[in-house]
Amino acid sequence: MDWAEKYRPAHLADLVGNKTPVMQIAEWAKTWTRKSRPLLLYGKPGIGKTSAAYALANDMNWEVVELNASDQRTAAVIERIAGAGSVTASLTGATRKLIVLDEADNLQGNADRGGAKAILECIRQAQQPMILIANDLYGISPEIRARCEPVQFKAVPARSIVPRLRYLCSAEKISCSDAALQSIAESAGGDIRSAVNMLYASALGRDSLDDGQVHTSQKDERVSIFSLITALFGKTRDDELMRLSYDVDDTPDTIVQWVEGSVPHLADPRSVERAYRYLSRADQYLGYTYRRQYHTLWRYATAVMLLGVADAAGGKGIHARIMPPERWQKMAAAKKQKTIRIATLNKVSSTMHVPQDTLREHYLDTLALLVGQDPAGFARELSFDADQLNFFLNDRARAAEIIRAIVQEEKEREKEAKKEAAPPKKEQKAEKPQKKGELPLPEAESPKAAPAKVKEEPAPAKTQSTLFDGF
Ligand SMILES: Nc1ncnc2c1ncn2[C@@H]1O[C@H](COP(=O)(O)OP(=O)(O)OP(=O)(O)O)[C@@H](O)[C@H]1O
């Protein structure tokens, strides 16, 4: 087992740094009731968010139900596991179950619209404590954020990491110089997992370690696409540019798109034209690579693209924000539209018992007209969200307004239902003072009992009839 896992803190007290958030978590757990909001632990990777959730469960003798947003991407799976985990009692005798949803910020992709909804539903219904974990607080949808109590974890300073590394060395019976520990702790940039991994990699097969034997290469020497693009437009030597391209995680077909996205930032139109010529040549090589499965050509593609564009750019630097290729944004928008279209048509076709193709080819216009006449009715009937309603209305603001009103209505109804379900305060009713000189009404004549008399008029069977009765 690697050391990061082997030395995962077992108790909250074992966590290094972040004392305030740790206390906040412990307090939340001690005072937890079903009305408590879930915690949302956020902060950069490797600083103890997941460890804190597990250590808390251990300290409280709670069982953990872990959901990993990036693994279990469908709403159905999350609903099934979270639903069961959140409302049923524990089988192992643990007092409670702690639902841990890791990588909660990974759920907001377009494909995961259902996933985000399922989390919201899970938060609403959970009868058990729940912790969401994310790197980026703003990668979480506002609805989920609003329902959670945010707890920020901060990068751990090197001076706090050093004692932890020293403890690991003594547990593993390795003698390690202070300078070596200091150098590892500083290059970890506040990420304890990274520090532990560096120590592990450096100490492998040794029983003593000094400064010169430390590998701090971990992730810090990985080249990001941003540094590659910056180098491409700067005065970088050709061999250095090629080295950077090998170190970057992205493949040439991705790099070519980033380069293409940056070319319009060149000031001189002649340079732009030259850069595009090199790009199109590189693109041809990439095409051959895939068609012939001859991956050596990748190297040519990379060389033509980078050295050619660098030559066209003339080392003048890039003076604009480096952005992901615009094409990706367009593709993401198109993918979102497709997801909405499929989900919407699925709902309608299964309710109307009409195949999706037939619906799309023959009835879509008619349906859009009908929805336009009674958008709220259709939205209620088919549980549309704002995007799905907008698919028919083509008016985002109106669709959002209608859905907001429906949600509000539902909340009111829930409130009413809860009120009705609450046990009647009988003493108050019984002791309701009677006005002077007023005779008590017999049961049947009291205003409350009156509706019981109109039994001839059956109440409209609201739950039975639907908008689709005619279909
Ligand atoms: N505060 C800490 N104290 C002690 N060890 C830590 C701490 N933070 C991280 N570690 C070490 O790093 C490993 C990974 O930490 P953890 O999974 O808790 O990080 P995380 O903040 O949840 O990261 P990510 O966002 O990538 O999931 C732990 O198993 C442990 O070895």
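Residues numbered from 1 in each chain as written. Predicted model: local features only at pLDDT ≥ 70, side-chain atom pairs only at ≥ 80, totals over all residues. Heavy atoms only, no water.

Trainee: So what exactly am I meant to see when it comes to the overall build of the protein here?
Mentor: The helix and strand inventory of the protein stands at 20 helices and 7 strands. Taking all 471 residues of the protein together, the buried fraction comes to 37%. Across the protein, every contact between residues at least 6 apart in sequence was considered, and the portion connecting residues at least 24 apart equals 72%. Counting every atom, the protein has about 28,200 Å² of accessible surface; 53% of that belongs to carbon and sulfur. (Helix = DSSP H or I, 4+ residues; strand = E, 2+ residues; numbered from the N terminus. Buried < 20%, exposed > 50% of the residue type's maximum accessible area, 1.4 Å probe, protein only. Contact = heavy atoms within 4.5 Å. Areas by Shrake-Rupley, 256 points an atom, 1.4 Å probe, with all protein chains shown as cover.)

Trainee: Explain the packing of helix H15 (residues 326–352) against helix H18 (residues 386–393) here, please?
Mentor: When two helices pack together, their arrangement is given by the angle between the helix axes and the distance between those axes. In contact at an axis separation of 9 Å, H15 and H18 are set at 85 degrees when each is read in the N-to-C sense. In terms of their interaxial angle, H15 and H18 are classed as roughly perpendicular. Contacts from Lys-336, Ile-340, Arg-341, Ala-343, Thr-344, Leu-345, Lys-347 and Val-348 in H15 reach Asp-387, Gln-388, Phe-391 and Phe-392 in H18. For the contact of H15 with H18, the residue count by class is 6 nonpolar, 2 polar and 4 charged. (Axes fitted to C-alpha atoms, helices over the stretch in contact; angles between N-to-C directions. Parallel < 35°, antiparallel > 145°, perpendicular 65-115°, else oblique. Nonpolar A, V, L, I, M, F, W, Y, C, P; charged D, E, K, R; others polar.)

Trainee: For this particular structure, what's the right way to read helix H13 (residues 269–292)?
Mentor: Residue pairs three or four apart in sequence face the same way in an α-helix, which turns once every 3.6 residues. Its 24 residues place the ends of H13 35 Å apart at the C-alpha level, agreeing with the 34 Å of an ideal helix rising 1.5 Å per residue. All of the buried residues along H13 are Ser-271, Val-272, Ala-275, Leu-279, Ala-282, Leu-286 and Thr-289. Residues of H13 that are buried in the fold lie against helix H12 (252–262) and helix H14 (297–313). Near the N-terminus of H13, the side chain that reaches the backbone nitrogen of Arg-270, with its oxygen 3.1 Å away, is that of Asp-268. Note on H13: the residue one or two positions beyond its end, Gln-293, has a positive phi of about 55 degrees. (Expected span 1.5 Å × (residues − 1). Polar contact = N/O pair within 3.5 Å; in protein donor to acceptor, adjacent residues only side chain to side chain.)

Trainee: Looking at this structure, I do not really get the environment of Pro-252. What am I missing?
Mentor: With respect to the secondary-structure elements, Pro-252 resides in helix H12. Note on Pro-252: relative accessible area 8%, which makes it buried. Once the C-alpha coordinates of Pro-252 and Ala-282 are considered, the two residues, 30 residues apart in sequence, prove to be 9.3 Å apart. Sequence-distant contacts of Pro-252, defined by excluding residues within four places in its chain, comprise Leu-286, Trp-298, Thr-302 and Met-305.

Trainee: So what exactly am I meant to see when it comes to the nonpolar core here?
Mentor: Side chains of a nonpolar character, in soluble globular proteins, are inclined to be buried together. Residues Trp-28, Leu-41, Leu-56, Ile-131, Leu-165 and Leu-199 are the most contacted members of the largest nonpolar core, which totals 47 residues. Secondary structure elements with two or more residues in this core: helix H2 (19–30), strand E1 (39–42), helix H3 (49–60), strand E3 (97–102), strand E4 (130–134), helix H7 (158–171), helix H8 (178–187) and helix H9 (192–203). When residues of this core are assigned to domains, at least three map to each of domain 1 (3–152) and domain 2 (158–213). With near-sequence residues (within four places) excluded, Leu-41 lies in contact with Ile-25, Lys-49, Ala-52, Ile-131, Leu-132, Ile-133, Ala-134, Val-151 and Phe-153. Core analysis: the next-biggest nonpolar cluster, separate from the first, contains 29 residues, Leu-232, Ala-275, Ala-282 and Ala-301 among them. (Core = buried A, V, L, I, M, F, W, Y, C linked by side-chain atoms within 4.5 Å. Domains from an automatic or database assignment.)

Trainee: Teacher, can you tell me more about the pairing of E1 here?
Mentor: The side chains of a regular strand alternate, residue by residue, between the two faces of the sheet. The two faces of E1 match: Leu-39 and Leu-41 on one face and Leu-40 and Tyr-42 on the other face are all buried. The pairing of E1 with E4 spans 4 bridges and is classified as parallel. Its bridge partner lying in E4, Leu-39 is registered against Ile-131. As paired strands, E1 and strand E5 (residues 149–152) are joined by 4 bridges and run parallel to one another. Considered in E5, the bridge of Leu-39 is made with Glu-149. (Pairing = 2+ DSSP bridges.)

Trainee: Could you clarify how one ought to interpret the packing of helix H10 (residues 225–233) against H12 in this entry?
Mentor: For the pair H10 and H12, the least separation of the axes is 11 Å and the interaxial angle reads 50 degrees. On the basis of the axis angle, H10 is oblique to H12. The two elements H10 and H12 meet at a crossing, and its hand is right-handed. Two secondary-structure elements touch here, H10 through Ile-225, Phe-226, Leu-228, Ile-229, Leu-232 and Phe-233 and H12 through Ile-255, Trp-258, Val-259 and Ser-262. The class makeup of the residues in the contact of H10 with H12 is 9 nonpolar, 1 polar and no charged. (Left-handed = near helix turned anticlockwise from the far one by under 90°.)

Trainee: Can you walk me through the confidence of the model for the protein in this structure?
Mentor: In low-pLDDT regions, the fine details of the predicted coordinates are not to be read closely. Scored by pLDDT, the protein comes out at a mean of 80, with 79% of its residues at no less than 70. When the criterion is pLDDT under 50, residues 218–222 qualifies, and its contacts beyond four places in sequence or with other chains add up to 10 contacts. (pLDDT = per-residue confidence, 0-100.)

Trainee: Please clarify how the environment of Trp-258 should be interpreted in this entry.
Mentor: Mapped onto the elements, Trp-258 comes out in helix H12. In this structure the C-alpha to C-alpha distance between Trp-258 and Ile-225, which are 33 residues apart in sequence, comes to 8.0 Å. Once you skip the residues sitting within four places of it in the chain, Trp-258 turns out to touch Ile-225, Phe-226, Ile-229, Ile-322, Met-323, Pro-324, Pro-325 and Trp-328.

Trainee: Can you help me understand the UniProt feature "binding site: ATP" (unreviewed entry) in the protein in this one?
Mentor: Per the UniProt record, the feature "binding site: ATP" (unreviewed entry) sits at Gly-43, Lys-44, Pro-45, Gly-46, Ile-47, Gly-48, Lys-49 and Thr-50. Position of Gly-46 among the secondary structure elements: in the loop between E1 and H3. With a relative accessible area of 12%, Gly-46 lands in the buried category. Discounting residues that sit within four places of it in the chain, Gly-46 has contacts with Asp-191, Ile-192 and Arg-193. Residue placement: Ile-47 occurs in the loop between E1 and H3. With a relative accessible area of 3%, Ile-47 lands in the buried category. Discounting residues that sit within four places of it in the chain, Ile-47 has contacts with Asn-18, Phe-153, Lys-154, Ala-155, Val-156, Gly-190 and Asp-191. (UniProt positions renumbered as here; feature names shortened; annotations may be inferred.)

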